[in-house]
Amino acid sequence: MKNVLISGASIAGPALAYWLRRYGFGVTVVEVAPGPRPGGQAVDVRGPALEVAERMGVLDRIRERRVEMRGMSMVDGDGEELYRSEEHTITGGDLGSPDVEILRDDLSRILVDAAGDGVESTCTATRSPGWSRRTAASG
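Residues numbered from 1 in each chain as written. Predicted model: local features only at pLDDT ≥ 70, side-chain atom pairs only at ≥ 80, totals over all residues. Heavy atoms only, no water.

Draft legend 1. Geometry of helix α2 (residues 48–56). Those residues of α2 not exposed but buried are L50, A53 and M56. Considered in projection along α2, the buried side chains sweep an arc of 125° and stay on one side of the axis. Looking at α2, the residues exposed on the side facing more than 90 degrees away from the buried face are P48 and E51. At its buried positions, α2 is contacted by α1 (12–22), β3 (42–45), α3 (59–64), β6 (100–103) and α4 (104–115). Just past α2, the residue G57 takes up positive phi, approximately 80°. (Buried < 20%, exposed > 50% of the residue type's maximum accessible area, 1.4 Å probe, protein only. Helix = DSSP H or I, 4+ residues; strand = E, 2+ residues; numbered from the N terminus. Arc of directions from axis to C-beta. Contact = heavy atoms within 4.5 Å.)

Draft legend 2. Molecular detail of the pattern of salt bridges. One pass over the full model with this rule turns up four salt bridges. The salt bridge partner of D113 is R61, with a shortest N-O separation of 3.3 Å. Residue D113 is located in helix α4, and its partner R61 is located in helix α3; the two are separated by 52 residues in the primary sequence. With a relative accessible area of 21%, D113 lands in the partly exposed category. With its nearest N and O atoms 3.2 Å apart, the salt bridge here joins D106 to R65. Here R65 lies in the loop between α3 and β4 (72–75) and D106 lies in helix α4, a separation of 41 residues in the sequence. Residue classification places D106 among the buried positions, given a relative accessible area of 5%. For R65, a relative accessible area of 45% puts it in the partly exposed group. (Salt bridge = Lys/Arg side-chain N within 4 Å of Asp/Glu carboxyl O.)

In structure tokens:
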């Protein structure tokens, strides 16, 4: 078996670990943070990413944790509304589309779980229970 070391345990690292494990590689994911980093911006899962999430078996979990966006507004420095839409995002996305917006830490947790048994995740700065462990399979 070939072994692979992945640096970064947020979004891309666990997703890559999932696919490498699926194709028979031994995988270790290292992260410099002392544990999962909370917060961050929301992430849009759309287009080909929806298909990839479906193939990984995580799309339903992603949809369960989605941000329910009902509209958007732009305001100026004084808080005065300049623009409002309940149909489209600022980038022109349709709010009724199959796209999913999810908080970054929720997506990260789902992908770490999906990586499954046998992926060694370890923190390189401070070892903390629950982070320096073999990840648990999500089902």
